[in-house]
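# Tertiary structure, described
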Amino acid sequence: MAALPTNQRVDSSSLESPRTLEQFLAQQREIDLLRFITCGSVDDGKSTLIGRLLHDTRQVFDDQLSAVANDSRRWGTTGEVPDLALLVDGLQAEREQGITIDVAYRYFSTPRRKFIVADCPGHEQYTRNMATGASTAEAAVVLVDAEKGVRVQTRRHTHIVSLLGVQNVILAVNKMDRINYDKAKFEAIAGEFVAYARKLGVTNVEVIPVAALVGVNVVTRGTKETPWYQGRTLLEALEGIEVARAEGLKELRFPIQLVSRPDANFRGYAGTIASGEISVGDAVLALPSRKASKVREITTADGPLEKAGAAQAVTIVLEDEIDLSRGDVLVHPDHRPTLARTFDAHIIWMGEAPLLPGKRYEFKIGSRYVKGLVDSIQHRIDVNDLSTREAEALDLNGLARVRIALEEPVAIDDYKLSRATGSFIIVDLLHFGTVGAGMVIVPQTLSRSADVVWQPTRVSAAIRANQKNQKPCVLWFTGLSGAGKSTVANALEQALVQRGHHSYLLDGDNVRHGLNKDLDFSDAGRNENIRRIGEVSALFVDAGLIVITAFISPFRAERNKIRERIGNANFIEVYISTSLAECERRDPKGLYVKARAGTIREFTGIDSPYEPPIAPQLAIDTSKLELGVAVDQILSYLENKGFLHQADPGL
């Protein structure tokens, strides 16, 4: 069999070796650890890439190479070249089929960093295994076959990586040797992937052309093969990733995994600290029971401690004999997580049978098991273009935003802040298999709503809409002050009433006289103003009404939250696109003059930004369209989309 090809060997003689065991251990303690995964579509070369990393960093012993050479004759898929994928794919089924089925973890190190890599399967059938591997990763290497380009499974894996909070992504465009290291094809793939990753909010993306089979740009630079590429090799990129471990939740979260009761004289609560610190003498609160106590002692296998921090496995003894059990969470009283029965989440469905709203499942959050259900699927996410659509069920590998309703309250945090208390799995009550994984989205923090469960009513939203012979929706007018929002909105409501429709107009100025009179005009105050209006609008839509809102609503993210709350199909964004110059010329309330003079601060368009919609359903410039024409344009849109019934000729 042919010798293993490589561009050059790593010159280990240039690396300074420690002289004693103590020096070696001290050196290793100073080197940080990076956990990363390889993912992507099937046959893109993930296992081969890891095998190449292990080989070219001299992590493979001679007897392992000899075994790979022998196994390659029987199982290999690389011809005369030893199949490095066999260093990772150890299951017989994997070798027979030439694919990765289960997640394989490998450890290797360089003088700059230690690594744990999870080789994840690419087949759609094993997406659940990929999600498992990504759940503890700090970076992801996404592979793309240079011949086939970005595929559906590539997008699905990248989306899952982003949902799981991995913000460091390396795209390895593999098998460049098969396209003769074509720069134009590489750049086309890179552009498509980066644009997709940016839509997902992935902040750090690096693209590298590689040929894992022959070792180009993996550990050593392919100067002959890719002279046009001046970036880092894959190993250099992995060594250079800066993981922001300091970010995230700083407050104490200690999920209890075991009540330690070796004899009648000792009761301790064992677990691993998820975040924050705890010290002897600290006041703590147990959730969900809300029982308070103080820390009497902290013990470990190595002896007692005065203080312990995140990721430490400890046993905590409290001063009071309070009733705690596995799944309870200890926190500091002044920094509590949300205690809730209902919350929103992104989920990845892993069950062969579809997810059905209303069906009872068991939810494991931390160490706690609670029965509950998926109350509703707010929308399903299309991994190809990230569009959302309504769904009554969720099939295998589906991604969706849902609302969870549990039978008991649990302590949760936003997943972006804490993986330990912001993630959960869903267990089927029939066969006890894991059928889903979820990430909590910004749980409600108002204490009055923490333990409130949505009460379904016998009269449904559909019944109310049918009674009114119309399809309810929200027409969300947005634009600068003076653009004409209220004028068009008032004329539209008059036209709807004349045609026999049931509607309600929420005007920005009027709402601030009552519901929102306690809010100021700071960014936070404006955001809360829009949030409340969104909730009111959602209730009116549930009542079967056509809701018209006229608010500046300057921030795109807040408008998108309302769209998600109400549902994309029922949210119509109407951008009153009249220019700032025209709005200032009109200045119906004299506000622009005051803003320019400095007597009004944080005025939208002057010293506070306005973010126009990117793709509104309707855009109307009132400086160019007459009022009647603008109203007719909106009515035509509503008719064409099926929101309005035929006008009653008797009206």
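Here the structure is a predicted model, which means the values were calculated and not measured.

### Comments concerning the nonpolar core
In terms of nonpolar packing, the biggest core is built from 44 residues, with I37, M130, V161, L171 and V173 touching the most fellow members. Elements represented by at least two residues in this core include exactly strand 1 (33-40), helix 5 (127-134), strand 4 (139-145), helix 6 (152-163), strand 5 (168-174), helix 7 (183-200) and strand 23 (434-441). It is helix 7 that contributes the most residues to this core, 7 residues altogether. Beyond its immediate stretch of four places on either side in the chain, I37 contacts A118, C120, M130, G133, A134, A137, A139, A140, V141 and V161. Membership of the second largest hydrophobic core comes to 34 residues, among which are I572, Y610, L618 and F643.

### Concerning the sheet that holds strand 28 (residues 618-620)
Strands in a sheet are paired, the pairing made by backbone hydrogen bonds, and the direction either parallel or antiparallel. Sheet architecture is open: 5 strands sit in the order 25-26-24-27-28, paired in parallel fashion. The two strands at the open ends of the sheet, each matched to only one other strand, are strand 25 (503-507) and strand 28. Between one strand axis and the next, the sheet turns by 20° as a mean value, whatever way the strands run. Of the pairings in the sheet, the one linking strand 24 (residues 473-478) to strand 26 (residues 546-550) comprises 5 bridges and is parallel in character. Residue pairing across strands places L475 opposite I548, the latter belonging to strand 26. Here helix 14 (residues 556-566) sits on the sheet in contact with strand 24 and strand 27 (571-576), set at roughly 155° to strand 27. Docked against the sheet, helix 17 (residues 627-640) engages strand 24, strand 27 and strand 28, running at close to 175° with respect to strand 28.

### A short note on the packing of helix 6 against helix 7
Between helix 6 and helix 7, the least distance of the axes is 10 Å, while the angle of their chain directions is 35°. Of the two possible hands of crossing, helix 6 and helix 7 adopt the one that is right-handed. The residues of helix 7 that touch helix 6, namely those facing T154, R155, T158, H159 and S162, are E192, F193, Y196 and L200. Split by residue class, the contact of helix 6 with helix 7 holds 3 nonpolar, 4 polar and 2 charged.

### Structural notes on the sheet that holds strand 2 (residues 104-109)
Reading across from one edge, 2-3-1-4-5-6 is the order of the 6 strands in this open sheet, with mixed pairing throughout. Looking at which strands have only one partner, the edges of the open sheet turn out to be strand 2 and strand 6 (204-209). Going across the sheet, the axis of each strand differs from the next one's by a mean of 25°, ignoring polarity. Inspection of the sheet shows strand 2 paired to strand 3 (residues 114-119) by 6 bridges, in the antiparallel sense. Looking at the pairing, Y107 lines up with I116 of strand 3.

Calculation rules
Residues numbered from 1 in each chain as written. Predicted model: local features only at pLDDT ≥ 70, side-chain atom pairs only at ≥ 80, totals over all residues. Heavy atoms only, no water. Core = buried A, V, L, I, M, F, W, Y, C linked by side-chain atoms within 4.5 Å. Buried < 20%, exposed > 50% of the residue type's maximum accessible area, 1.4 Å probe, protein only. Helix = DSSP H or I, 4+ residues; strand = E, 2+ residues; numbered from the N terminus. Contact = heavy atoms within 4.5 Å. Pairing = 2+ DSSP bridges. Axes fitted to C-alpha atoms, helices over the stretch in contact; angles between N-to-C directions. Left-handed = near helix turned anticlockwise from the far one by under 90°. Nonpolar A, V, L, I, M, F, W, Y, C, P; charged D, E, K, R; others polar.

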